[in-house]
Amino acid sequence: MSNPDSLRHSPLHAEHEALGASFTPFGDWSMPLKYGKELEEHRAVRERAGLFDLSHMGEVRVSGPQAAAFLDYALISHLSSIAVGRAKYSMIVRPDGGIIDDLITYRLSEEEFLVVPNASNTAVVVEALRERAAGFEVTLDDESTQTALIAVQGPRAEEIVLSLVGEQDREAVRTLKYYAAFSATVAGIPDVLIARTGYTGEDGFELFTPNENASALWAAALEAGQPHEIQPAGLAARDSLRLEAAMPLYGNELTEQTTPIDAGLGVLVSAKKEADFVGKEALKAAAEPTRVLVGLASEGKRAARSGATVLSTEGSEGSEIGVVTSGQPSPTLGHPIALAYVDRASATPGAEVTVDIRGKHYPFRIVETPFYRRSR
């Protein structure tokens, strides 16, 4: 259990306290869990807009003549193929293929990238990147503790961000593609990186700026969002939102004992035959996994939580065929949902299974994911 006195604070900690936030340890950070009722925060994002502080996330600037070649080697994907202004979801793995972290990389220029690892993995990712940089003409700058990250997510997100930028940048915001980014002046703050990315299953933007601008940017986003009934949202809502969108969470669906192949994300592995990257041999030689990640849903009320055993419905007791990695009641759908690794032979959509929840067996069925998909 983390010592609250030793946890890092976001540059927006005082603003969260003023809003009455409840805090929770997350990695080395103390971050808002919720500000009131997490269900209201969840619904605000689905129906209008939510404002998140993601300043606990890592930011590593990679620059130099061989920056692209270095990332091709350090990560599992072909990063040199992405255009300036675009981003790519990828992973960094151990030599044996185990996932160190899943992350997003933005290409800022021909020789400059921004790598964004998860908060709890930032230190180990930075260490791995530094080790892998040997022999490359590249510079790594860990800007994690100097950078604030604020996300505006939801159907009204574009309208809110449009009101924060000048007329000269509004068309760029409107036409910004998913997994793309550009720098602009936002609420009078210069050089804010505006990225059309998120972890909620909704349209949204993530705004990167130095810590000293965090309070002004947060206040401006809250004010601009008032006509759209924006609501500050914490980690509880972020987790329920990402689960409905079936987005994996490191430590649950992704671990060092899991490979991208195991997680059904082999598509991220570079397809270039001549590519050389850490983990290549292990991933190329990986056998078809015996268990696959699936969605579970129930018409009952009991939610299956992480670690719960999934059982077949054959026989009086059934046999173990998997384990739940994430699960809770879906605020949007109105019934329990879960992600689970189950035996490949049992992973047929529509198949009935049971889940052991505190010693009692409850019916679930295997369903297609994502559980929720926003209307375009």
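Everything numeric here is computed off the predicted structure, so don't read it as measured data. (Residues numbered from 1 in each chain as written. Predicted model: local features only at pLDDT ≥ 70, side-chain atom pairs only at ≥ 80, totals over all residues. Heavy atoms only, no water.)

Okay, the packing of helix H2 (residues 38-47) against helix H8 (residues 235-244) next. Packing of H2 against H8 brings their axes to within 8 Å, and their N-to-C directions diverge by 50 degrees. The angle between H2 and H8 falls in the class oblique. Read as a crossing pair, H2 and H8 show a hand that is right-handed. In this structure, H2 uses Glu38, Glu41, His42, Val45 and Arg46 to contact H8, whose residues at the interface are Ala236, Ala237, Ser240, Leu241 and Glu244. Residues that form the contact of H2 with H8 fall into these classes: four nonpolar, two polar and four charged. (Axes fitted to C-alpha atoms, helices over the stretch in contact; angles between N-to-C directions. Helix = DSSP H or I, 4+ residues; strand = E, 2+ residues; numbered from the N terminus. Parallel < 35°, antiparallel > 145°, perpendicular 65-115°, else oblique. Left-handed = near helix turned anticlockwise from the far one by under 90°. Contact = heavy atoms within 4.5 Å. Nonpolar A, V, L, I, M, F, W, Y, C, P; charged D, E, K, R; others polar.)

Taken in spatial order, the six strands line up as S15-S18-S17-S16-S19-S20 and close into a barrel, and their pairing is antiparallel. Each strand axis lies, on average, 45 degrees off the axis of its neighbour in the sheet, ignoring direction. Strand direction decides the pairing type here: strand S15 (residues 291-297) and strand S20 (residues 360-367), joined by three bridges, are antiparallel. Pairing of Gly295 across the sheet is with Val367, part of S20. With respect to the sheet, H8 is in contact with strand S17 (320-329) and strand S18 (336-343), its orientation differing from that of S17 by roughly 130 degrees. (Pairing = 2+ DSSP bridges.)

The sites that carry the UniProt feature "domain: GCVT N-terminal" (unreviewed entry) are, in the present numbering, residues 12-273. This span, residues 12-273, is 28% helix and 29% strand, and a straight line between its end C-alpha atoms measures 46 Å. (UniProt positions renumbered as here; feature names shortened; annotations may be inferred.)

Our focus in this paragraph is the packing of aromatic side chains. The geometry of an aromatic ring pair is captured by the separation of the ring centres together with the interplanar angle, meaning the angle of the planes. Overall, the coordinates contain four aromatic pairs when judged by the stated rule. Here the aromatic rings of Phe70 and Phe136 are separated by 5.6 Å at their centres, their planes lie at 65 degrees, and the arrangement is edge-to-face. Here Phe136 lies in the loop between helix H4 (122-132) and strand S9 (139-142) and Phe70 lies in helix H3 (residues 67-74), a separation of 66 residues in the sequence. The exposure class of Phe136 is partly exposed, given its relative accessible area of 23%. (Phe/Tyr/Trp six-rings, centres within 6.5 Å; stacked < 30°, edge-to-face > 60°. Buried < 20%, exposed > 50% of the residue type's maximum accessible area, 1.4 Å probe, protein only.)

Taken as a whole, the second largest pocket holds about 300 Å³ of empty space. Lining the second largest pocket are 17 residues, with Arg61, Leu108, Ser183, Asp191 and Leu193 sitting closest to its centre. Taken together, the elements giving at least two residues each to the lining of the second largest pocket come down to strand S7 (99-109), strand S11 (181-186), strand S12 (189-195) and strand S13 (204-210). Per-class residue counts for the lining of the second largest pocket are nine nonpolar, four polar and four charged. Residues from two domains meet in the lining of the second largest pocket; each of domain 1 (4-57 + 146-245) and domain 2 (60-142) gives at least three. (1 Å grid on protein atoms, 1.4 Å probe; cavity = no way out; pocket = protein on both sides within 12 Å on 5 of 7 lines; lining within 4 Å. Points joined across faces, edges and corners; volume = space filled by probe spheres on them. Domains from an automatic or database assignment.)

Turning to H3, a few remarks are in order. Among the eight residues of H3, six are classified as buried, and the element is accordingly described as predominantly covered. Three or more residues of H3 are buried, namely Ala67, Ala68, Phe70, Leu71, Asp72 and Ala74. Structurally, H3 contributes buried residues whose contacts are with strand S5 (60-63), strand S6 (87-93), S7, strand S8 (112-116), H4 and S9.

The next subject is the domain arrangement of the protein. As far as domains go, the protein holds domain 1 (4-57 + 146-245), domain 2 (60-142) and domain 3 (290-367). On the side of domain 3, nine residues touch domain 1, which itself brings nine residues to the contact. The largest contributions to the domain 1 side of the interface with domain 3 come from Arg242, Leu243 and Glu244, which together make up 62% of the buried area. Run the count over domain 1 and domain 3 and you get zero salt bridges. There are six residue pairs in polar contact (both at pLDDT 80 or more) connecting domain 1 and domain 3. If you list the elements that add at least two residues to the side of domain 1 that touches domain 3, you get H2 and H8. Counting residues per element, the side of domain 1 that touches domain 3 draws most heavily on H8, at five residues. Along the lines of polarity and charge, the residues of the side of domain 1 that touches domain 3 split into two nonpolar, two polar and five charged. (Buried area = accessible area lost by both parts, 1.4 Å probe. Salt bridge = Lys/Arg side-chain N within 4 Å of Asp/Glu carboxyl O. Polar contact = N/O pair within 3.5 Å; in protein donor to acceptor, adjacent residues only side chain to side chain.)

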